[in-house]
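Breakdown of the fold
This is what each chain is made of:
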Amino acid sequence: MEFPFDINHIFSDRISILDHTLVASRQSAVRTDLQDQIAAVVDELGRASAKAQQLPAPITSASKLQSQKHQLYLMKDGESNRGRGLVVGFLKVGYKKLFLLDRNGVHVEAEPLCVLDFYVAETLQRHGYGLELFNYMLQHQNVEPELLAYDRPSNKLLAFLAKHYGLVRSVPQVRFQICLCVRRMENRFPS
Ligand code: ACO
C-alpha cells in the first residue's frame, strides 16, 4: 500500500505500535504534519480492511484509535517503493469486557484480549506477513493465541489460525459474534 509521502519518515521500525496518542512506538512526540500522515495511513488501512471483509463501515480509523484503548501493530516494507517504503498491513487488539458462553452454554464475564481487526494488503497476502505481525503481537502482549478472543473472525482468519496455530472454532458466541478458538487440533498438534 503506497502513500504520497515517505513511509520510512513516519515509521522507523518494521513493526510500529500505535495507540490513542497516534504516535508510532519509540517516538515520544511527532510534528502535527507527521501525525496527519499517520492518521491518513490508519484511515486508509481501515477502509481497505473493511472492504476486504465486506463490512458496511471501517472498524478502524484514526479517530476511533484516538478514542479507544486499543493497540495497532503496523507493518511496513521499508525497502520497496524506491526506498520510500510501503505499508504491508496491520493488526489491532484491545481488551473487551464480554459475557461469554462457556462449553456448557453458561454465561461467564471475562475481559480477554481481543483481535479486533487484521489486514494484509491484497497483493501481499499469503506471503507470511500476517504470521510475522501476529507473532510480534503475541510476543509483545506475552499471550498465547488460544487465550485471545476473535471478533467476528473472517474465513481467512479462521484458516490462518488453523494453519499456523492449530486452532479451530470451539465455542461460538451469541453476542458480538466473538469466537474463542481454544481447541487445538489434536491430530496435527499433539501436546
Ligand atoms: N483464503 C483462505 N485462507 C487464507 C487466505 C485466503 N485468500 N489468505 C490467507 N489465508 C490463510 C491461509 O491459512 C493461509 O495459508 P495457505 O496459503 O497455506 O492456505 C494463511 O492464512 C497464510 O498466512 P500468512 O501469509 O501469514 O497470512 P496473510 O499475510 O495472508 O494474512 C490475513 C492473513 C490478515 C487474514 C489476510 O489474509 C487478510 O488480510 N485477509 C483479508 C482481511 C481479513 O479477513 N482479516 C481478518 C478479519 S477478522 C478479525 O480481524 C477479527
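All residue numbers refer to position in the chain's written sequence, counted from 1. Reporting of local features is limited, given that this is a predicted model, to residues whose pLDDT is at least 70; pairs of side-chain atoms are given and counted only at 80 or more, and all residues count toward the totals for whole chains, interfaces and linings. Note that water and hydrogens are dropped before the side-chain values are worked out from all heavy atoms of the structure.

**What to know about the overall build of the protein**
- Counting its regular elements, the protein contains 5 helices and 11 strands.
- Counting over 191 residues, the protein shows a buried share of 48%.
- Here the analysis covers contacts within the protein between residues at least 6 apart in sequence; of these, 58% occur between residues at least 24 apart.
- Where accessible areas are quoted, they stem from the Shrake-Rupley method and a 1.4 Å probe; at the residue level, only the protein chains shown are allowed to cover. Total accessible area on the protein stands at roughly 10500 Å², and carbon and sulfur atoms take up 49% of it. Under the DSSP-based scheme used, a helix requires at least four consecutive residues in state H or I and a strand at least two consecutive residues in state E, with every element numbered from the N terminus. Burial classification: accessible surface area is computed with a 1.4 Å probe over protein chains only, and a residue below 20% of its type maximum counts as buried, one above 50% as exposed, and the rest as partly exposed. Contact between two residues is taken to exist if any of their heavy atoms lie within 4.5 Å; hydrogens are not considered.

**Structural notes on the site of the ligand**
- Residues are counted as near a molecule or strand when any one of their heavy atoms sits within 4 Å of it. The environment of the ligand is made up of 25 residues, and the closest members are F118, R126, G128, S154 and K163.
- In the environment of the ligand, an oxygen atom lies 3.2 Å from a nitrogen or oxygen atom belonging to the backbone of H127.
- Here a polar contact means two N or O atoms within 3.5 Å. Within protein one must be a hydrogen donor candidate and the other an acceptor candidate, and residues neighboring in sequence count only if both atoms are side-chain atoms. Here an oxygen atom of the ligand sits 2.9 Å away from a polar atom, N or O, in the side chain of H164.
- Within the complex, 85% of the 960 Å² of free accessible area of the ligand lies under protein.
- Whether a set of points on the 1 Å grid over the protein atoms alone is a cavity depends on a 1.4 Å probe fitting there but being unable to get out, while an open set qualifies as a pocket with protein on both sides within 12 Å along at least five of seven lines; lining residues are those with an atom within 4 Å of a point. Criterion for pocket placement: a molecule counts as inside a cavity or pocket if more than half of its atoms are within 2 Å of its grid points. Spatially, the ligand is embedded in the largest pocket.

**Things to note about the pattern of salt bridges**
- Note on definitions: salt bridges are taken to be side-chain nitrogens of Lys or Arg within 4 Å of carboxyl oxygens of Asp or Glu. In the structure shown here, the tally under the stated rule is 4 salt bridges.
- E44 is the salt-bridge partner of R47, the closest N and O atoms lying 3.0 Å from each other. Of this pair, R47 and E44 both sit in helix α2 (residues 32-52), 3 residues apart, which is roughly one turn of that helix.
- Judged by its relative accessible area of 47%, R47 is partly exposed.
- Among the residues examined, E44 registers a relative accessible area of 31% and is labelled partly exposed.
- A salt bridge links D151 to R152; its shortest N-O distance comes to 3.3 Å.
- For R152, a relative accessible area of 43% gives the class partly exposed.

Just distances and angles here, no functional claims.
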